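So the chains spell out like this:
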Amino acid sequence: MNASFDVLEEVLTEKLGIETRIYAFSVSSLPSVSAEWFFKLFQEKPKWGSQDLQPFIRDLKVPGLSSEGLLLKYTRTQPSADAEPIFSAR
(Lines give C-alpha, C1' and ligand atoms only; values in the text may rest on other atoms or scores of the structure.)
Protein backbone atom coordinates (compact mmCIF):
# COMPACT_ATOMS: atom_id res chain seq x y z
CA MET A 1 0.00 0.00 0.00
CA ASN A 2 1.34 3.42 -0.94
CA ALA A 3 0.60 6.34 1.35
CA SER A 4 0.60 9.96 0.30
CA PHE A 5 1.96 12.66 2.59
CA ASP A 6 0.27 15.44 0.59
CA VAL A 7 -2.58 15.76 3.10
CA LEU A 8 -0.28 16.28 6.07
CA GLU A 9 0.61 19.84 7.00
CA GLU A 10 3.07 21.09 9.57
CA VAL A 11 5.20 17.99 9.28
CA LEU A 12 8.67 17.42 7.90
CA THR A 13 9.42 14.34 5.88
CA GLU A 14 12.85 12.90 5.26
CA LYS A 15 13.54 10.17 2.73
CA LEU A 16 16.16 7.64 3.79
CA GLY A 17 16.47 5.04 1.06
CA ILE A 18 13.03 3.47 0.72
CA GLU A 19 11.85 4.75 4.11
CA THR A 20 10.21 8.09 4.80
CA ARG A 21 10.44 9.51 8.30
CA ILE A 22 7.89 12.01 9.55
CA TYR A 23 8.59 14.74 12.11
CA ALA A 24 6.07 17.10 13.70
CA PHE A 25 7.00 20.75 13.17
CA SER A 26 4.45 23.36 14.13
CA VAL A 27 4.14 26.86 12.70
CA SER A 28 3.43 28.08 16.25
CA SER A 29 6.98 27.09 17.24
CA LEU A 30 8.45 29.60 14.77
CA PRO A 31 9.56 33.11 15.87
CA SER A 32 7.43 36.13 14.99
CA VAL A 33 10.24 38.03 13.21
CA SER A 34 10.48 37.02 9.54
CA ALA A 35 14.32 36.79 9.41
CA GLU A 36 14.32 34.51 12.47
CA TRP A 37 11.36 32.59 11.01
CA PHE A 38 13.34 31.63 7.90
CA PHE A 39 16.51 30.99 9.92
CA LYS A 40 14.62 28.47 12.07
CA LEU A 41 13.05 26.81 8.99
CA PHE A 42 16.43 26.30 7.36
CA GLN A 43 17.93 25.07 10.62
CA GLU A 44 15.37 22.28 10.63
CA LYS A 45 15.76 21.44 6.96
CA PRO A 46 18.42 23.03 4.70
CA LYS A 47 16.46 22.59 1.44
CA TRP A 48 12.72 22.87 0.90
CA GLY A 49 10.49 22.14 -2.07
CA SER A 50 7.91 24.84 -2.72
CA GLN A 51 4.99 22.56 -1.75
CA ASP A 52 6.74 21.63 1.52
CA LEU A 53 7.43 25.27 2.36
CA GLN A 54 3.94 26.68 1.68
CA PRO A 55 2.25 25.57 4.95
CA PHE A 56 5.02 27.28 6.91
CA ILE A 57 5.01 30.64 5.11
CA ARG A 58 1.38 31.22 4.14
CA ASP A 59 0.51 32.76 7.54
CA LEU A 60 3.65 34.91 7.74
CA LYS A 61 2.55 38.50 7.18
CA VAL A 62 5.02 41.33 6.61
CA PRO A 63 3.67 44.73 5.57
CA GLY A 64 4.59 45.46 1.96
CA LEU A 65 5.78 41.92 1.15
CA SER A 66 3.84 39.08 -0.41
CA SER A 67 4.78 35.42 0.10
CA GLU A 68 6.78 35.61 -3.13
CA GLY A 69 8.55 38.75 -1.88
CA LEU A 70 9.50 36.98 1.35
CA LEU A 71 10.91 34.06 -0.62
CA LEU A 72 12.95 36.44 -2.79
CA LYS A 73 14.27 38.24 0.28
CA TYR A 74 15.16 35.27 2.50
CA THR A 75 15.83 32.33 0.18
CA ARG A 76 17.82 31.19 -2.81
CA THR A 77 16.12 29.22 -5.52
CA GLN A 78 17.77 26.22 -7.11
CA PRO A 79 16.41 24.63 -10.27
CA SER A 80 15.50 20.97 -9.94
CA ALA A 81 14.89 18.16 -12.39
CA ASP A 82 11.21 17.75 -11.48
CA ALA A 83 10.44 21.45 -12.22
CA GLU A 84 9.55 22.25 -8.58
CA PRO A 85 12.00 24.87 -7.30
CA ILE A 86 14.14 24.05 -4.28
CA PHE A 87 14.61 26.81 -1.70
CA SER A 88 17.61 27.17 0.59
CA ALA A 89 18.84 29.87 2.98
CA ARG A 90 20.21 33.10 1.53
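The preceding data block contains the structure.
Novice: Can you help me understand the sheet that holds strand E3 (residues 47-49) in this one?
Specialist: Paired through their backbone hydrogen bonds, the strands of a sheet run either parallel or antiparallel. In space, the three strands of this open sheet follow the order E3-E5-E4, with antiparallel pairing throughout. One side of each edge strand has no neighbouring strand; the edge strands of this open sheet are E3 and strand E4 (75-78). Across the sheet, the mean angle from the axis of one strand to that of its neighbour is 35°, orientation sign disregarded. One ladder, built from four bridges, connects E4 with strand E5 (residues 86-89); its direction is antiparallel. In the sheet register, Gln78 faces E5, and the bridge partner there is Ile86. Contacting E3 and E5, helix H2 (residues 50-57) runs over the sheet at an angle of about 95° to E3. Against the sheet, helix H3 (residues 67-74) touches E4 and E5, its axis set at about 90° to E4.

Novice: Would you mind going over the packing of helix H1 (residues 34-44) against H3 with me for this structure?
Specialist: For any two helices packed against each other, the geometry comes down to the angle between their axes and how far apart the axes lie. Relative to each other, H1 and H3 sit at 70°, their axes nearing to 11 Å. The angle between the axes of H1 and H3 places the two elements in the roughly perpendicular class. In this structure, the crossing between H1 and H3 has a hand that is right-handed. When H1 is examined against H3, the residues Ser34, Ala35, Phe38 and Phe42 are found in contact with a partner set consisting of Leu70, Leu71 and Tyr74.

Novice: How should I be thinking about the packing of aromatic side chains in this particular structure?
Specialist: To describe a pair of aromatic rings, you give the distance between the ring centres and the angle between the ring planes. The full count for this structure, using the stated rule, is two aromatic pairs. Where Trp48 meets Phe56, the ring centres are 5.3 Å apart and the plane angle is 70°; that geometry is what we call edge-to-face. An identical accessibility class is assigned to Trp48 and Phe56; each is buried. One cation-aromatic arrangement involves Lys45 over Trp48; the distance from NZ or CZ to the ring centre is 5.1 Å.

Definitions and limits used
- Residues numbered from 1 in each chain as written.
- Predicted model: local features only at pLDDT ≥ 70, side-chain atom pairs only at ≥ 80, totals over all residues.
- Heavy atoms only, no water.
- Pairing = 2+ DSSP bridges.
- Helix = DSSP H or I, 4+ residues; strand = E, 2+ residues; numbered from the N terminus.
- Axes fitted to C-alpha atoms, helices over the stretch in contact; angles between N-to-C directions.
- Contact = heavy atoms within 4.5 Å.
- Parallel < 35°, antiparallel > 145°, perpendicular 65-115°, else oblique.
- Left-handed = near helix turned anticlockwise from the far one by under 90°.
- Phe/Tyr/Trp six-rings, centres within 6.5 Å; stacked < 30°, edge-to-face > 60°.
- Buried < 20%, exposed > 50% of the residue type's maximum accessible area, 1.4 Å probe, protein only.
- Lys NZ or Arg CZ within 6 Å of the ring centre and 35° of its normal.

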